[in-house]
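Each chain, letter by letter, is given below.
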Amino acid sequence: ILPKPLIPIGDKPVIELIMEKFFQYGFNKFIYTLNYKKEYIKLFLKENDFPYETEWVEEEDYLGTAGSLLLLKDRIEESFFVANCDSLLDVDFGEVLKWHREHKASMTVIGCHNEIKIPFGVLDLSDEKLKRISEKPTHDVIINTGVYLIEPHVISYIPEGKQMDMNTLIDLVAKKE
């Protein structure tokens, strides 16, 4: 019924919790790229008196998270965060920005450690023969949190009017820079 950004956690919708977290670290301008159920989100943003600036751009067709960033090309002049509206992180965004700048990164992907426990024995095969069996292994991985820090020039890699997901943009930036 509700778009993800408006799903409540406690007494506030996810979108508000995300903005509060960024605001806590000194960020006070939020621009939303809207498509799915955008009227609900626009109404929420219009009807609430936040201590920070909110605005939006609207996609005519679905462009994907990265594709929709092209709509911001004339509005973005400095490093900016992109956050999926279901990504709640306990992180100091000011420190992330500092790290990003110190490393002269074009794009920073915020990851999170996760252990994946497989509750079964895993067979390692080679040429249809068992090499070994690992009983209930655990794999340590870094997962994508859906929060990114991007330099404005990265927007130039996004094709006009085409759908593009963030993983495609990340791969493209990684190859070029």
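Above: the structure in question.
Report follows, based on the coordinates. (Residues numbered from 1 in each chain as written. Predicted model: local features only at pLDDT ≥ 70, side-chain atom pairs only at ≥ 80, totals over all residues. Heavy atoms only, no water.)

1. Remarks on the overall build of the protein
Okay, so step 1: In terms of regular secondary structure, the protein is built from five helices and nine strands.
Okay, so step 2: Ordered by position from N to C terminus, the α and β elements of the protein give β-β-α-β-α-β-α-β-α-β-β-β-β-α.
Okay, so step 3: Over its C-alpha atoms, taken along the principal directions, the protein stretches across nearly 65 × 40 × 35 Å.
Okay, so step 4: Looking at the protein residue by residue over its 177 residues, the buried ones come to 34%.
Okay, so step 5: A separation threshold of at least 6 residues defines the contact pool for the protein, and within that pool the share at least 24 residues apart is 65%.
Okay, so step 6: Carbon and sulfur atoms make up 50% of the accessible area of the protein, which amounts to about 11,400 Å² in all.
Okay, so step 7: Looking at charge distribution, the protein has the averaged site of its 21 positive side-chain charges lying 4 Å from that of its 31 negative ones. (Helix = DSSP H or I, 4+ residues; strand = E, 2+ residues; numbered from the N terminus. Buried < 20%, exposed > 50% of the residue type's maximum accessible area, 1.4 Å probe, protein only. Contact = heavy atoms within 4.5 Å. Areas by Shrake-Rupley, 256 points an atom, 1.4 Å probe, with all protein chains shown as cover. Lys, Arg positive; Asp, Glu negative; His and termini not counted. Charge placed at Lys NZ, Arg CZ, Asp CG, Glu CD.)

2. Side note on the packing of helix H1 (residues 14-24) against helix H2 (residues 38-47)
Okay, so step 1: H2 packs onto H1 with a crossing angle of 50 degrees between their chain directions and a minimal axis gap of 11 Å. If you check the angle between H1 and H2, you find them oblique. Two packed elements cross with a definite hand, and for H1 against H2 that hand is right-handed. Note on element contacts: H2 touches H1 through Ile41, Phe44 and Leu45, opposite Ile15, Glu16 and Met19. (Axes fitted to C-alpha atoms, helices over the stretch in contact; angles between N-to-C directions. Parallel < 35°, antiparallel > 145°, perpendicular 65-115°, else oblique. Left-handed = near helix turned anticlockwise from the far one by under 90°.)

3. Some points on H1
Okay, so step 1: Buried within H1 are the following residues: Val14, Ile15, Glu16, Ile18, Met19, Lys21 and Phe22.
Okay, so step 2: Among the residues trailing H1, Gly26 stands out with phi positive, at a value near 95 degrees.

4. Points about the pattern of salt bridges
Okay, so step 1: All chains considered together, the criterion is met by ten salt bridges.
Okay, so step 2: Lys21 is the salt-bridge partner of Asp90, the closest N and O atoms lying 3.0 Å from each other. Placement of the pair is Asp90 in the loop between strand S5 (80-83) and helix H4 (93-102) and Lys21 in helix H1, with a sequence separation of 69 residues.
Okay, so step 3: Between Arg75 and Glu55 there is a salt bridge, with its nearest N and O atoms 2.4 Å apart. One end of the pair, Arg75, is in the loop between helix H3 (64-67) and S5; the other, Glu55, is in strand S4 (residues 53-58), and 20 residues separate them in sequence.
Okay, so step 4: Residue Arg75 is classed as partly exposed on the basis of its relative accessible area, which comes to 36%.
Okay, so step 5: A single network of salt bridges, built from pairs that share partners, joins Lys38, Glu39, Lys42 and Glu58. (Salt bridge = Lys/Arg side-chain N within 4 Å of Asp/Glu carboxyl O.)

Don't take any of this as a statement about function, it's just geometry.
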